[in-house]
Amino acid sequence: MTSSEVWDAETARRYDDDSAEMFAPDVLDPAVDLLAGLAGDGAALELAIGTGRVAVPLAARGVPVTGIELSAPMVAELRRKVDEATMPVSVGDMATTTVEGEFALVYLVWNSLSNLRTQAEQVATFRNAAGHLSPGGRFVVELWIPPVRRMPPGQHAVPMSVSEDHLVLDTYDLLTQQCTSHHYRQQPDGTTRYGAGHFRYAWPSELDLMAQLAGMELEARYADFARRPFTADSESHVSVWRKA
Ligand SMILES: C[S@@+](CC[C@H](N)C(=O)[O-])C[C@H]1O[C@@H](n2cnc3c(N)ncnc32)[C@H](O)[C@@H]1O
């Protein structure tokens, strides 16, 4: 049983188009560079591998990549790009699913840790990641910093993206660390498509404690994959923990 929403076939079919900006070379290249460097001559495991946005170019760089993914339709989309022998993927929950092998690198990108909406499952995911790492291996997480500084008292929604054809409003429950992301997308026929995602946010310090509980310690924290410095104004972070 997982607290994550299971992405359906329609969401999976639209994923690459709806996320086109995340496939742009200026977004992907620094991510693949950093991950390939950390993997070295070893293998990588991507938790929540999705349609292979990062895994496919990382494999093209010569890193063997295995995946765990909750949504079978997302894996079906990945299979249009790469076969099972080249990139094995287990369908299951990243908090509990295990795969064969030992990895130099386990990674979990684009805010996907927050798809698990309980602290216990997020802690379990760190333990699961550490369990797949060889000694000295790295766990990399890319996660957003909740923009609660943008919310004056009495306001509970934050505009995350505003354009003619796509409006995103995030609402927050500060007591339970829950966030709902409301997406309004204009369709070619002029109608509006609404979709919502539900998340649990966590601060970097909470993740450091999860890593510590799993036998890992922080090695580096950047604002992004281009390794810009992480500051109090950063809106996301890329963190690297090393297994003892
Ligand atoms: C934002 S997408 C990221 C996909 C891919 N990593 C990428 O960067 O494009 C989030 C992914 O997390 C998956 N997911 C959500 N909860 C999960 C869980 N508990 N275990 C494994 N995968 C999960 C979703 O099905 C989806 O494919």
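Residues numbered from 1 in each chain as written. Predicted model: local features only at pLDDT ≥ 70, side-chain atom pairs only at ≥ 80, totals over all residues. Heavy atoms only, no water.

## Section: the site of the ligand
As a reminder of what qualifies: A single heavy atom is enough: if one lies within 4 Å of a molecule or strand, its residue is considered near that molecule or strand. Any N or O atom pair separated by 3.5 Å or less is treated as a polar contact, with the protein-specific requirement of one donor-capable and one acceptor-capable atom, and with residues adjacent in sequence counted only for side-chain atom pairs. For accessible areas, the Shrake-Rupley method is used with a probe of radius 1.4 Å. Any residue's cover is judged against the shown protein chains and nothing else. Residues are sorted three ways: Asp, Glu, Lys and Arg are charged, Ala, Val, Leu, Ile, Met, Phe, Trp, Tyr, Cys and Pro are nonpolar, and all the rest, Gly among them, are polar.
As a matter of local geometry, the ligand sits amid 21 residues, with Tyr15, Glu46, Ala48, Glu69 and Asp93 nearest to it. Take leucine 70: an N or O atom from its main chain is 3.2 Å from a nitrogen atom of the ligand. The fraction of the free accessible surface of the ligand (600 Å²) that becomes covered by protein chains is 98%. Looking at the shell around the ligand residue by residue, the class counts come to 10 nonpolar, seven polar and four charged.

## Some points on the sheet that holds strand β6 (residues 157–162)
In sheet architecture, strand pairing relies on hydrogen bonds along the backbone and comes in two forms, parallel and antiparallel. Selection rule: Pairing between strands requires that DSSP locate at least two bridges from one strand to the other. Runs of H or I in DSSP of at least four residues are treated as helices and runs of E of at least two as strands, each being numbered from the N terminus. Fitted lines through C-alpha atoms serve as axes, helices being fitted only where they are in contact, and the angles separating the N-to-C directions of these axes extend from 0 to 180 degrees.
One open sheet accounts for four strands, arranged β6-β7-β8-β9; its pairing is antiparallel. The two strands at the open ends of the sheet, each matched to only one other strand, are β6 and β9 (192–200). When the angles between neighbouring strand axes are averaged without regard to direction, this sheet yields 20°. For β6 and strand β7 (residues 166–173), the ladder comprises five bridges, and the chain directions are antiparallel. Bridged to proline 159 within β7 is leucine 169.

## A short note on helix α5 (residues 119–132)
Where we set the bar: Here a helix's expected span is defined as the number of its residues, less one, multiplied by 1.5 Å. Throughout this description, buried means an accessible area under 20% of the type-specific maximum (1.4 Å probe, protein chains only), exposed means over 50%, and partly exposed covers the range between.
The end-to-end C-alpha distance of α5, which contains 14 residues, comes to 20 Å, matching closely the 20 Å that a straight helix rising 1.5 Å per residue would cover. If you check which residues of α5 are buried, you get Glu121, Gln122, Val123, Thr125, Phe126, Asn128, Ala129, Ala130 and His132.

## A few points about the domain arrangement of the protein chain
How we decide: Domains are outlined according to an automatic or database domain assignment. Contact criterion: two residues are considered in contact whenever any of their non-hydrogen atoms come within 4.5 Å of each other. Buried area is understood as the total, over both parts, of accessible area removed when two parts are fitted together, assessed with a 1.4 Å probe. In what follows, salt bridge is the name for a side-chain nitrogen of Lys or Arg lying within 4 Å of a carboxyl oxygen of Asp or Glu.
Once the domains are mapped, the protein chain shows domain 1 (9–145 + 202–243) and domain 2 (148–197). A straight line from the C-alpha centre of domain 1 to that of domain 2 covers 25 Å. At the interface, 10 residues of domain 1 touch 10 residues of domain 2. Both sides together, the interface formed by domain 1 and domain 2 hides about 750 Å², and carbon and sulfur atoms give 32% of it. Looking only at domain 1, the three residues that lose the most surface to domain 2 are Arg14, Asp18 and Trp144, adding up to 48% of its buried area. The tally of links between domain 1 and domain 2 comes to four salt bridges. One salt bridge in this structure joins aspartate 233 and arginine 149, with 2.8 Å as the shortest N-O distance. Linking domain 1 with domain 2 are six residue pairs in polar contact (both at pLDDT 80 or more). The residue makeup of the side of domain 1 that touches domain 2, split by class, is four nonpolar, no polar and six charged.

## A short note on the packing of α5 against helix α6 (residues 204–213)
Our working definition: These descriptions rest on fixed angle ranges, namely under 35 degrees for roughly parallel, over 145 for roughly antiparallel, 65 to 115 for roughly perpendicular, and the rest for oblique. Less than a right angle of anticlockwise turn of the near helix away from the far helix marks a crossing as left-handed, whereas a clockwise turn marks it as right-handed.
Packing of α5 against α6 brings their axes to within 8 Å, and their N-to-C directions diverge by 50°. One finds that α5 runs oblique with respect to α6. Viewed along their axes, α5 and α6 form a crossing whose handedness is right-handed. Where α5 abuts α6, its residues Gln119, Gln122, Val123, Phe126 and Arg127 lie against Glu206, Leu207, Met210, Ala211 and Leu213. A breakdown of the residues in the contact of α5 with α6 according to their chemical character gives six nonpolar, two polar and two charged.

## Quick word on the nonpolar core
Quick reminder of the rule: Only buried residues count toward a nonpolar core. Its members are Ala, Val, Leu, Ile, Met, Phe, Trp, Tyr and Cys residues joined through side-chain atoms within 4.5 Å.
Residues Leu47, Phe126, Phe139, Leu207 and Met216 are the most contacted members of the largest nonpolar core, which totals 33 residues. It is strand β5 (residues 133–144) that provides the largest number of residues to this core, a total of five residues. Both domains that meet at this core, namely domain 1 (9–145 + 202–243) and domain 2 (148–197), each give it at least three residues. Not counting residues within four places of it along the chain, the set of residues in contact with methionine 216 comprises Phe126, Ala130, Leu133, Phe139, Ala211, Trp241, Arg242 and Lys243. Among the nonpolar cores identified, the runner-up in size contains 28 residues, and Val54, Ala55, Val109 and Val240 belong to it.

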